[in-house]
Amino acid sequence: MRTLAIPTLASQSPLVYIKLMFVALFWGGTFIAGRVLAQQMPPMTAASGRFGVAVLLLVLLAWKFEGGLPRLDRKQLATTAALGLTGIFLYNLCFLAALSRMPAGRTALFVALNPIVTALASALLFRERLGAFKWLGIMLAFCGTAIVITRGDLAGLLHGNGGGIGAGEIFMFCGISSWAAYTLIGRVALKGLSPVAATTYAAMWGLAFLLVGAAFEFPSVPWRSYGWQVWAAIGYLGVFGTVIGFVWYYEGVKAIGPSRTAVFNNLVPVFGIVLAAGLLGEPVLASMLVGGVVTIAGVIMTNRQAK
């Protein structure tokens, strides 16, 4: 089976960082596309459409660049199934459930919690060292997003005036946890699989799980009533939010580790807010701009730590 040549870490890392920036942009856009779907289509059906498109493209991608998909052993079957369960099935259900209850911009802001959860779990499970400079960068990025979430009123959040925690927020917290699990499981899966193969098998497993639930929704879905926006949203989520985003994200996990890769998720809220303002007319406040700058500074600090 033909495989892609893998460049050295030194030559690959700069390109990986650029790709991870675009991943954050693409994933910021998924909140706008997801908001469109969540308001019109049942969650299992919407997620199945997304990953139906993704699986088709991923299989073609695997055949073109890697000569096909490798045969999995028992351990790889278990790890890819876990990837599909956490990063595809559970995350997307929580993602769409949150978007059906909250605006796209606010939902995107909760992604900032992902690096904290991932870093703590990575340190606990894999004994990954988190130096003081890295912790400072992670916390700075988190504080930047907290400024955006609270509209600059951090004290108000502590006193319960910065926005209540409802069902939408709880769903997004669950989604963040499932994504952190997906990131860490991917570290194990990538020891014997390429990013394309791991992503393809994860998407296949996730689609299988989703179709089981979607089968109960299909009879009541008003297919003919959907406009082009719904189908465009599914296409965007499948191509940019899944195929390109997941493969490039896993390249980052393989090249620079799960914690440093997950820090780029702090940029997702920034892009999500900008896109929500431009496409959905949501307001952009001064606190969003300040918080965005602080978040980017935290990402830069985390990835400039001493080798």
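Preceding block: the structure.
About the thresholds
All residue numbers refer to position in the chain's written sequence, counted from 1. Owing to the predicted nature of the model, reporting of local features is limited to residues with pLDDT of at least 70; listing and counting of side-chain atom pairs is limited to 80 or more, with chain, interface and lining totals taken over all residues. Each side-chain value is worked out from all heavy atoms of the structure, with water and hydrogens disregarded. Each helix is a run of DSSP H or I of at least 4 residues and each strand a run of E of at least 2, with the numbering of both proceeding from the N terminus. For every residue, the accessible area (1.4 Å probe, protein chains only) is compared with the maximum for its type, and the residue is labelled buried under 20%, exposed over 50%, or partly exposed between those bounds. Residue contacts follow a heavy-atom distance rule, with two residues in contact if any of their heavy atoms lie within 4.5 Å. The Shrake-Rupley method, run with a 1.4 Å probe sphere, supplies the accessible areas, and residue values consider only the shown protein chains as cover. Here, nonpolar core refers to any group of buried Ala, Val, Leu, Ile, Met, Phe, Trp, Tyr and Cys residues whose side-chain atoms link them within 4.5 Å. Residues with no salt bridge and a relative accessible area higher than 30% make up the patches, which join like charges within 9 Å and nonpolar side chains (Val, Leu, Ile, Met, Phe, Trp, Tyr) within 5 Å. The rule for a salt bridge is simple: a side-chain nitrogen of Lys or Arg has to be within 4 Å of a carboxyl oxygen of Asp or Glu. Under the convention used throughout, the expected extent of a helix is 1.5 Å for every residue step, that is, one less than its residue count. Classification of ring pairs rests on two measures: the distance between centres of Phe, Tyr or Trp rings, Trp counted by its six-membered ring, which must be within 6.5 Å, and the angle between planes, read as stacked under 30 degrees, edge-to-face over 60 and tilted in between. Working convention for charge: Lys and Arg count positive, Asp and Glu count negative, and His plus the chain ends are omitted. The term polar contact refers here to a pair of N or O atoms within 3.5 Å; inside protein, the definition further demands a hydrogen-donor-capable atom paired with an acceptor-capable atom, and it admits residues adjacent in sequence only when both atoms are side-chain atoms. All axes here are fitted lines through C-alpha atoms, helices being fitted over the stretch that makes contact, and every angle between N-to-C directions spans 0 to 180 degrees. By definition in this entry, angles of less than 35 degrees are roughly parallel, angles greater than 145 are roughly antiparallel, angles of 65 to 115 are roughly perpendicular, and the rest are oblique. It is the rotation of the near helix from the far one that decides the hand of a crossing: anticlockwise by less than a right angle makes it left-handed, clockwise makes it right-handed. Any residue that is not Ala, Val, Leu, Ile, Met, Phe, Trp, Tyr, Cys, Pro, Asp, Glu, Lys or Arg is counted as polar, Gly included; the first ten are nonpolar and the last four charged.

> Looking at this model, I keep getting lost on the overall build of the protein. Mind explaining?
A tally of helices and strands in the protein yields 13 helices and zero strands. If you list the helices and strands of the protein from N to C, you get α-α-α-α-α-α-α-α-α-α-α-α-α. Classification of the 307 residues of the protein by burial places 52% in the buried group. For the protein, contacts bridging at least 24 residues in sequence account for 92% of all contacts bridging at least 6. Of the accessible surface of the protein, which amounts to about 14,000 Å², a share of 70% is contributed by carbon and sulfur atoms.

> What exactly am I supposed to notice about the nonpolar core here?
Across soluble globular proteins, nonpolar side chains have a tendency to be buried as a group. Counting 71 residues, the largest nonpolar core has Phe31 and Tyr250 as its most contacted members. Top element by residues in this core is helix H10 (residues 228-256). It accounts for twelve residues. Residue contacts for Phe31: discarding those within four places in its chain leaves Tyr91, Phe95, Leu99, Ala104, Thr107, Ala108, Val111, Met172 and Val268.

> In this structure, what is going on with the side chain of Arg35? I would like to understand it.
Take Arg35: it is sitting in helix H1 (residues 9-38). In this structure, Arg35 is in contact with Leu99, Ser100, Arg101, Met102, Pro103, Ala104 and Leu280, ignoring residues within four places of it in sequence.

> Where do I start with the environment of Leu125 in this structure?
Checked against the element boundaries, Leu125 lands in helix H5 (residues 114-126). For the pair formed by Leu125 and Leu184, sequence separation is 59 residues and the distance between their alpha carbons is 9.0 Å.

> Sorry, what's going on with a nonpolar patch on the surface here?
There is a patch of nonpolar side chains on the surface, built from Leu211, Phe218, Trp223 and Trp231 and spanning about 380 Å² of accessible area. Inspection of the secondary structure assignment puts Phe218 in the loop between helix H9 (195-214) and H10.

> Where do I start with helix H2 (residues 43-66) in this structure?
For H2, spanning 24 residues, the distance from its first C-alpha to its last is 33 Å, which sits close to the expected 34 Å at 1.5 Å a residue. Among all positions in H2, only Met44, Thr45, Ala46, Ala47, Ser48, Arg50, Phe51, Ala54, Val55, Leu58, Ala62 and Glu66 are buried. Remark: Gly67 follows H2 within two positions and exhibits a positive phi of approximately 75 degrees.

> Just checking my understanding: could you explain the packing of aromatic side chains for this structure?
Two measures describe an aromatic ring pair: the distance that separates the ring centres and the angle between the ring planes. Using the criterion set out here, one finds 21 aromatic pairs in the structure. Ring centres of Trp179 and Phe246 lie 5.4 Å apart, and the angle between their planes is 75 degrees; this geometry places the pair in the edge-to-face category. Of the two residues, Trp179 is situated in helix H8 (residues 167-189) and Phe246 in helix H10; the sequence distance between them amounts to 67 residues. Phe246 carries the same exposure label as Trp179, and that label is buried. Among the aromatic residues, those joined into a cluster by ring pairs are Trp27, Phe31, Phe51, Tyr91, Phe95, Trp179, Tyr182, Phe246 and Tyr249.

> Help me out: how do you make sense of the side chain of Glu217 in this one?
Locating Glu217 in the fold gives a position in the loop between H9 and H10. Here Glu217 sits buried without a salt bridge, and the closest side chain of opposite charge, Arg101, lies 11 Å off (N-O distance). Of the polar contacts made by the side chain of Glu217, one reaches the backbone nitrogen of Met44; its length is 3.3 Å.

> Where do I start with the packing of H2 against H9 in this structure?
Orientation of H2 relative to H9, taken along the N-to-C sense of each, is 150 degrees, at an axis distance of 8 Å. Taken as axis vectors, H2 and H9 run roughly antiparallel relative to one another. Note on packing geometry: the crossing formed by H2 with H9 is left-handed. The segment H2 lies against H9, with Met44, Thr45, Ala47, Ser48, Phe51, Gly52, Val55, Leu58, Val59, Leu61, Ala62 and Glu66 engaging Val196, Ala197, Thr199, Thr200, Ala203, Met204, Leu207, Leu210, Leu211, Gly213 and Ala214. Looking at the contact of H2 with H9 residue by residue, the class counts come to 16 nonpolar, six polar and one charged.

> Sorry if this is basic, but what is going on with the pattern of salt bridges here?
When the charged atoms of two side chains with opposite charge come close together, those side chains can pair. Considering all chains together, one arrives at one salt bridge under this definition. Glu251 is the salt-bridge partner of Lys19, the closest N and O atoms lying 2.9 Å from each other. Here Lys19, found in helix H1, pairs with Glu251, found in helix H10; they are 232 residues apart in sequence, far enough to count as distant. Glu251 carries the same exposure label as Lys19, and that label is buried.

Interpretation in functional terms is not warranted from these geometric data alone.
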